[in-house]
Amino acid sequence: MVNHELISGENHNLALGQNQQLVIGQNHNMVPGHNHDSESGHTHEHELGLEDTHENEMGLGENHDHEEDDGEDYELENELAVDQKPKHEGRELAVSDRSHELAVLENNELAVSESQELDDNMELAVDQNHELAIEPADDDIDDQEGQLVVTPVIQQRAIVLSPDYELHVGQEFPDVKSCRRALRDTAIALHFEMQTIKSDKTRFTAKCASEGCPWRIHAAKLPGVPTFTIRTVHEAHTCGGIAHLGHQQASVQWVASSVEQRLRENPNCKPKEILEEIHRVHGITLSYKQAWRGKERIMATMRGSFEEGYRLLPQYCEQVKRTNPGSIASVYGNLTDNCFQRLFISFQASIYGFLNACRPLLGLDRTFLKSKYLGTLLLATGFDGDGALFPLAFGVVDEETDDNWMWFLSELHNLLELNTENMPRLTILSDRQKGIVDGVEANFPTAFHGFCMRHLSDSFRKEFNNTMLVNLLWEAAHTLTVIEFEAKILEIEEISQDAAYWIRRVPPRLWATAYFEGTRFGHLTANIVESLNTWLLEASGLPIIQMMECIRRQLMTWFNERREMSMQWTSILVPSAERRVAEALERARTYQVLRANEAEFEVISHEGTNIVDIRNRCCLCRGWQLFGLPCAHAVAALLSCRQNVHRFTESCFTVATYRKTYSQTIHPIPDKTLWNELSDGDPNASKAVEVIINPPKSLRPPGRPRKKRVRAEDRGRAKRVVHCSRCNQTGHFRTTCAAPI
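Everything numeric in this text was worked out from a predicted model, so none of it was measured.

**Considerations on the overall build of the chain**
Here is step 1: A count of helical and extended segments in the chain gives 21 helices and 25 strands.
Here is step 2: Every one of the 741 residues in the chain was classed for burial, and the buried ones make up 46%.
Here is step 3: For the chain, long-range pairs separated by at least 24 residues make up 63% of all intrachain contacts whose partners lie at least 6 apart in sequence.
Here is step 4: With the model as given, the accessible surface of the chain reaches about 39000 Å², and the carbon-plus-sulfur share is 47%.

**Details of the sheet that holds strand β15 (residues 328-333)**
Here is step 1: A sheet is described by the order of its strands in space; here seven strands give the open sequence β15-β16-β19-β18-β17-β20-β21, paired in mixed fashion. Of all strands in the sheet, those with a lone pairing partner are β15 and β21 (448-451), marking the two edges. Ignoring strand direction, the axes of neighbouring strands in this sheet form an average angle of 20°.
Here is step 2: Contacting β15 and β16 (340-346), helix α6 (residues 313-323) runs over the sheet at an angle of about 165° to β15.
Here is step 3: Here helix α15 (residues 544-566) sits on the sheet and contacts β16, β18 (376-383) and β19 (389-397); the angle it forms with β19, its principal contact strand, is near 170°.

**Observations regarding helix α3 (residues 271-282)**
Here is step 1: Between its first and last C-alpha, α3 extends 16 Å over twelve residues, near the 16 Å set by a 1.5 Å rise per residue.
Here is step 2: Among the residues making up α3, those that are buried are P271, I274, L275, E277 and I278. An end-on view of α3 places all buried positions within 165° of arc, on one side of the element. Summarising the geometry of α3, the exposed residues directed more than 90 degrees from the buried face are K272 and R280.
Here is step 3: Where the residues of α3 are buried, they touch α2 (252-265) and α4 (288-303).

**Focus on the packing of aromatic side chains**
Here is step 1: Per the counting criterion, the structure on display carries 21 aromatic pairs.
Here is step 2: Ring plane angle 80° and centroid distance 5.0 Å describe the contact between F559 and Y662, whose orientation is recorded as edge-to-face. Taken together, the residues F559 in helix α15 and Y662 in the loop between α19 (655-661) and α20 (675-678) connect sequence positions 103 residues apart. We note that F559, like Y662, is buried.
Here is step 3: Three or more aromatic residues joined by ring pairs make a cluster, and in this case those are Y332, F344, W405, W407 and F408.
Here is step 4: The lysine or arginine in question, R432, covers the ring of F451, its NZ or CZ lying 5.7 Å from the ring centre.
Here is step 5: Of note, R562 hangs over the ring of W558, and the distance from its end group to the ring centre comes to 4.6 Å.

**A word on the pairing of β19**
Here is step 1: Burial analysis of β19 places nine of its nine residues in the buried class, the great majority of the element.
Here is step 2: Across four bridges, β16 lies against β19 in antiparallel orientation. Paired with L343 across the bridge in β19 is V396.
Here is step 3: Of the strand pairs in this sheet, β18 and β19 are connected by eight bridges, and their pairing is antiparallel.

**Structural notes on the pairing of strand β12 (residues 203-208)**
Here is step 1: The pairing of strand β11 (residues 194-199) with β12 spans five bridges and is antiparallel. Bridge assignment links K198 to a residue of β12, and that residue is T205.
Here is step 2: Between β11 and β12, which pair antiparallel and follow one another directly, the connecting turn spans three residues.
Here is step 3: Note that β12 and strand β13 (residues 216-221) share five bridges and pair antiparallel. Within β13, the position partnered with R203 by the bridge is A220.

**A look at the nonpolar core**
Here is step 1: Judged by nonpolar contacts, the single largest core of 104 residues is most densely connected at L343, L364 and I614.
Here is step 2: Each of domain 3 (307-452 + 525-558) and domain 5 (573-653) contributes no fewer than three residues to this core.
Here is step 3: Not counting residues within four places of it along the chain, the set of residues in contact with L343 comprises L313, C317, S330, V331, F394, G395, V396, W407, I544 and M548.
Here is step 4: The next biggest cluster of nonpolar side chains, apart from the first, holds 23 residues, and it includes F460, L472, F485 and L510.

**Here we look at the environment of C641**
Here is step 1: Examined against the element boundaries, C641 turns out to sit in the loop between α18 (632-640) and α19.
Here is step 2: A C-alpha to C-alpha distance of 9.8 Å links C641 and V593, two positions 48 residues apart in sequence.
Here is step 3: Once residues within four sequence positions are removed from consideration, C641 is found in contact with R595, F601 and I614.

**With respect to the sheet that holds β13**
Here is step 1: Strand order in this open sheet of five strands is β10-β14-β13-β12-β11, and the pairing throughout is antiparallel. Because the sheet does not close on itself, it has two edges, and the strands there are β10 (172-173) and β11.
Here is step 2: Pairing of β13 with strand β14 (residues 228-234), which is carried by six bridges, proceeds in the antiparallel orientation. Paired with K221 across the two strands is F228, which belongs to β14.
Here is step 3: Across the sheet, helix α1 (residues 176-189) touches β10, β11, β12, β13 and β14, and the angle it forms with β11 is around 165°.

**Observations concerning unusual backbone geometry**
Here is step 1: The backbone of H191 sits at a positive phi, close to 60°, despite the residue not being glycine.
Here is step 2: Looking at the element boundaries, H191 is found in the loop between α1 and β11.
Here is step 3: Given the relative accessible area of 26%, H191 is considered partly exposed.

Cut-offs used in this document
- The numbers attached to residues start from 1 for each chain and follow its sequence in the written order.
- Per-residue local features are limited, in this predicted model, to residues with pLDDT of at least 70; the limit for side-chain atom pairs, both in listing and counting, is 80 or more; totals at the level of whole chains, interfaces and linings are taken over all residues.
- As a rule here, side-chain values cover all heavy atoms of the structure and leave hydrogens and water aside.
- Each helix is a run of H or I in the DSSP string that is no shorter than four residues. Each strand is a run of E no shorter than two, and both are numbered from the N terminus.
- Only protein chains enter the calculation, and the probe is 1.4 Å; a residue is then buried if its accessible area is under 20% of its type maximum, exposed if over 50%, and partly exposed in between.
- The contact criterion used is simple: two residues touch if any of their non-hydrogen atoms lie within 4.5 Å.
- Per-residue and other accessible areas follow the Shrake-Rupley method at a 1.4 Å probe size, with only the shown protein chains counted as cover for residues.
- A pair of strands counts as paired when DSSP detects no fewer than two bridges linking them.
- Interaxial angle, 0 to 180 degrees, is taken between N-to-C directions of lines fitted to C-alpha atoms, where a helix line uses only the stretch in contact.
- Expected helix span is taken as 1.5 Å per residue step, with the number of steps being one fewer than the number of residues.
- By arc we mean the arc of the directions from the helix axis to the C-beta atoms, nothing more.
- For Phe, Tyr and Trp, rings pair up if their centres lie within 6.5 Å, where Trp contributes its six-membered ring, and each pair is then called stacked (planes under 30 degrees apart), edge-to-face (over 60) or tilted (otherwise).
- A positively charged side chain is recorded as over a ring if its NZ (Lys) or CZ (Arg) lies within 6 Å of the ring centre. The angle to the ring normal must also be within 35 degrees.
- In this description, a nonpolar core means a group of buried Ala, Val, Leu, Ile, Met, Phe, Trp, Tyr and Cys residues linked to one another through side-chain atoms lying within 4.5 Å.
- Marked domain ranges trace back to an automatic or database domain assignment.

Function-wise, these values are silent; they only describe arrangement.
Here it is as structure tokens:
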């Protein structure tokens, strides 16, 4: 095979390689010039089939040196080397008829576009130095004569290098920060590290961080303006670039600026995805913490900082009350240092809907926040006629304590008492921890307070870890009569006497439907957090105002969607109630009904005999009383005396009441930039500006949360009591002591 050397004349651009600027000057040396770019649009190298990739270089013209042109220094980091067998199929080498660019095109052929022949200034000369060995293609190159056969170019793929990485003498930047930023981006793109020698308001000097590399750059400020200009660029790189995968200039701020656009389009982008993108685009590997901090920096500019959220809380509360009249929004700080302690918010639309249309049933729950300053979100949630959750009030506290639960339930009592003359007798479901029990007894002494079965079954599962026992526990909770309940407990006792003993220690009046005195309408759980987890989990990591706005927007959307949905219903009862009544009607057709008087009936079925009193709306099976809808026995009795079944349901199940539940609107709150303007002349808003709320002291520790793993052999073993020699307390060591001394 004949080796060929490429010799070219004036102003001929060579477009090949990755991040390489190869420019041919007038004397045919390899020099950088202003108008000669090596254009690269691909991230991979195009190999052109050289026999020896270690010795072959691109020799252009008479000299083969790196020289300066107009005071600019450029490095040729990667030699243009190609295997004999091109790896990338479907590419040609083409010489353009006008700009004479050597480009990678299709079919791995050398071609001159539009059949332009090579003149004296563009000839391929044969050299014995193996500087450019081109393998002849079929029917295109004559191997013996070394001539290039010209073929037309159909499509040309130019590889473009971003002009952001061009540095030359006289180049100007708006200020020193822009100058440093441009040099940093260039160093990362060309895979060399810089060491700053001098950087102040008037000068910036840096050199290559590799020892012995002569590359150096100096920029200075122009007189009278903040503009910086490059004064000198010395020599080219001889270090060959960095060999490791990291980069000294890849700071947190660089990470932030690199992924800013992506985070604005998708704020849920994870740090791991950021790391993968930076490695794919820039070829460097960073730590997880750098990606996480870079994301936090961008998110802070987009949504505001966590500290600003606490500072603006008083103004936010005023905006809630201004835009949603009748709402309750109050924030409390510590009296000693004004650190955040408590926040309570309930929208007027929720208050109206709960008191006028919802069932008198409340669930209490909480979720731990994942924001910078931690904290706990407390929730009080009702249930609408169709069984969906109906959030009533939200409380944010610095930590979950008995005092904070007492405060939250006190605020809840004041809310209900303020908005109704005859506060309904509530049924409350919770995990019945001490703070909640004391708070309910103090603020709702007449309420029925029962266990949320989710919390009870979780505790039971942790103790016994037996799916069959857990299922029997739930069946016992659902039974309507005492006889059925006791039968289920006996089944549990046959499997495990310890499990039966554990259950009997919990009073059944607090959790079993057969014994519970209040009306739960079939709701055994108050699993608020699990039901709201799809959007609440995301909100729990936001700054406090952003979190409350996320909650408000979700409520606003729910109210509107459910209001519009109910307008399409043509039935008397809500869909879930209609289904239950339809099922009861189907079963009632097989029952025999005997009438005792105008109100009392005896209903006989294959299950047994039940007595129905339609005046008091009760049945011996207790289904009518517990669920608020006529059971199958009651339906049979009502049909026998030609009564309308729908008239004997609780009003909360009717479509008219459901529409009333969502009749009010939760109004949007304007952006924080408009708060001062919209609150001009409002004395309450002026006072809110003067109130200072600092972040709480519960700062989230850095790094991944530590997990305590218990070995199987240690389960059930008595724990050793440890003693702290620093504070004289038990439960921790001196090294982990956090008590103030």
